[in-house]
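# Geometric and topological summary
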Amino acid sequence: MSDSNTESRGSWNTKFGFILAAAGSAVGLGNIWGFPTQVADNGGAAFILIYLLCCLIVGFPLMIAEFTIGRNTQKNPVGAFKKLSNNNIYAALIGFWGVLCGLMILSFYLVISGWTLSFALEEIVSYLGFNELANTLADLGNGYKNAIFTVLFGLLTIVIITGGVSKGIERATKTLMPILLGILLILIIYIFTLEGSGEGLRMYVTPDFSTITPDLLLSALGQAFFSLSLGMGALITYGSYLKKNQNVVESAAYVTVADVGIAFVAGLLVIPAMFVAQASGIQIFNPETGALFSSVTLVFDVLPGLFGNIGGFLGTLVGFTFFILLGLAALTSSISLLEVPVSYVIDEHNIKRKKAAWIVGGIVSVIAVIVSFNLNLIDVFVFIFNEIGLPLGGLMICIFLAYFWKTENAVLEMKNGFENIEETSFPKIWTIFVKFICPVLIFIVLFTTLYNYIF
Ligand code: PFF
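Attention here is on the structure that accompanies the text. (Residues numbered from 1 in each chain as written. Predicted model: local features only at pLDDT ≥ 70, side-chain atom pairs only at ≥ 80, totals over all residues. Heavy atoms only, no water.)

## What to know about the nonpolar core
By size, the foremost hydrophobic cluster in this structure holds 161 residues, and its most contacted members are F322 and W430. Apart from the residues lying within four places of it in its own chain, the contact partners of W430 are P61, I64, A65, L401, T407, A410, V411 and M414. (Core = buried A, V, L, I, M, F, W, Y, C linked by side-chain atoms within 4.5 Å. Buried < 20%, exposed > 50% of the residue type's maximum accessible area, 1.4 Å probe, protein only. Contact = heavy atoms within 4.5 Å.)

Structure, rendered in structure tokens:
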């Protein structure tokens with residue numbers, strides 16, 4: 001691809017900047033909220049093991065596939081599949097599906113991200129004694145309040161995107177990721193000084209293999225797709241800004257390890273914190289069913305209760321910091337969700353980045369405001385665009401790459417930055433995964449999800 005294209009579309013400034021941006025996309029609400037609550041819900045460490053396998057067997061090969069398609073075509077997902085298929089409309093549909101999933105996932109992601117802001121503010125406001133305002137800020141059902149914080153979060157995301165690839169996305173993630181990691185570690189150290197954390201830790205690291213059921217496999221693979229930002233072309237888009245000297249296989253390995261690692265570390269915070277909350281008298285299990293409360297209740301009810309019980313300035317500080325942590329993680333992911341449709345509009349409709357970001361960001365914000373007032377839409381969108389949408393996208397990407405573009409061409413692309421790739425066994429192993437293992441596993445999971453839904 002010509003340098004002028006790289007110049008006009010933008011590219012990552014440094015190798016590390018790209019890895020951090022892709023890790024920023026991957027590390028989000030899915031890690032700090034989704035992963036720990038899924039672990040607690042699904043038999044502790046047994047879930048972690050299955051999740052690790054899903055990331056390794058399906059996630060990692062697919063991430064390499066997405067980076068490679070992106071770097072080869074230097075285009076958004078729609079343009080990428082068009083280019084590799086000589087403008088085949090069916091192939092372009094894979095990209096369109098990704099763009100749609102990006103828009104729709106972002107529309108509920110912004111609402112939840114908005115909650116992280118309103119809860120961070122609530123911690124301060126209630127410390128200052130403005131109880132009525134604090135109650136409003138903590139009221140998940142208040143549509144107007146939801147809409148305000150949703151739009152605020154949308155604006156933050158749009159502003160970063162308008163800055164471009166290296167000056168906007170790369171610079172923002174380079175600043176935000178270290179802060180995120182620092183906050184996470186400080187909070188873990190603090191939580192481990194509190195009573196009940198040991199019990200949480202035990203539950204986190206003790207596997208209960210009796211919980212391994214087909215449903216658990218579904219949850220683990222779904223979580224892996226969402227957490228690694230796979231299946232909708234976010235990583236095709238990020239890969240499209242890569243220079244030819246970067247090793248995509250190595251980069252994918254770093255991003256996968258960073259994502260899984262931060263999810264695991266986040267579990268060391270959230271699960272012990274839940275048990276600390278229990279030790280301080282807050283219920284975490286539903287008394288009727290005996291099951292753990294839903295993830296929304298745990299994060300936006302149980303944990304604020306714990307911060308309240310810690311009390312005083314310290315409780316406020318811990319609570320505020322926790323919600324800022326969630327917000328930062330969400331921001332580096334929402335950027336990548338918005339970048340997919342924005343890059344499509346820039347490439348395919350020749351619209352300048354700033355204008356594209358405001359138009360697409362505006363459309364997503366309108367949908368997100370509708371979701372703010374109708375929270376039941378979140379479950380619907382999660383089911384269609386996340387639980388079905390991402391694995392479906394991943395399946396189509398795998399099949400397209402393996403049987404239409406061909407793995408040999410992909411390996412040739414990977415050679416840029418990994419010169420001796422053909423002297424290693426990597427191409428053979430990766431080909432088996434992309435051609436057979438990944439599509440079969442994803443198909444089984446998709447089929448079972450739909451079967452369970454229908455029957
Ligand atoms: N990976 C993000 C998280 O774990 O919260 C969510 C996400 C971002 C999903 C980007 C998909 C995506 F393309």
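Having put the structure on the table, let's press on.
## Thoughts on the site of the ligand
The ligand sits among 15 residues. The nearest are A26, L29, G30, Y109 and F226. Note that an oxygen atom of the ligand is positioned 2.8 Å from one of the backbone N or O atoms of G30. Within the complex, 100% of the 340 Å² of free accessible area of the ligand lies under protein. Of the residues assigned to the shell around the ligand, the class counts are seven nonpolar, eight polar and no charged. (Near = heavy atom within 4 Å. Polar contact = N/O pair within 3.5 Å; in protein donor to acceptor, adjacent residues only side chain to side chain. Areas by Shrake-Rupley, 256 points an atom, 1.4 Å probe, with all protein chains shown as cover. Nonpolar A, V, L, I, M, F, W, Y, C, P; charged D, E, K, R; others polar.)

## Some details on the state of the cysteines
Applying the stated rule across the entire model yields zero disulfides. Free cysteine C54: the closest other cysteine sulfur is in C55, separated by 6.8 Å. C101 forms no disulfide, and the closest cysteine sulfur to it belongs to C398, at a distance of 16 Å. (Disulfide = S-S within 2.5 Å.)

## Some points on the packing of aromatic side chains
Tallied over the full model, the rule gives 30 aromatic pairs. Measuring from ring centre to ring centre gives 5.8 Å for W12 and F18, while their planes differ by 50 degrees; the resulting arrangement is tilted. Here W12 matches F18 in class, with each residue buried. Aromatic side chains F119 and F323 sit 5.3 Å apart centroid to centroid with 45 degrees between the ring planes, which places their arrangement in the tilted category. Of the two residues, F119 sits in helix 6 (residues 89-127) while F323 sits in helix 15 (residues 312-349), which places them 204 residues apart along the sequence. For the pair formed by F119 and F323, the shared burial category is buried. (Phe/Tyr/Trp six-rings, centres within 6.5 Å; stacked < 30°, edge-to-face > 60°. Helix = DSSP H or I, 4+ residues; strand = E, 2+ residues; numbered from the N terminus.)

In short, the description is geometric, and any link to function would need to be established separately.
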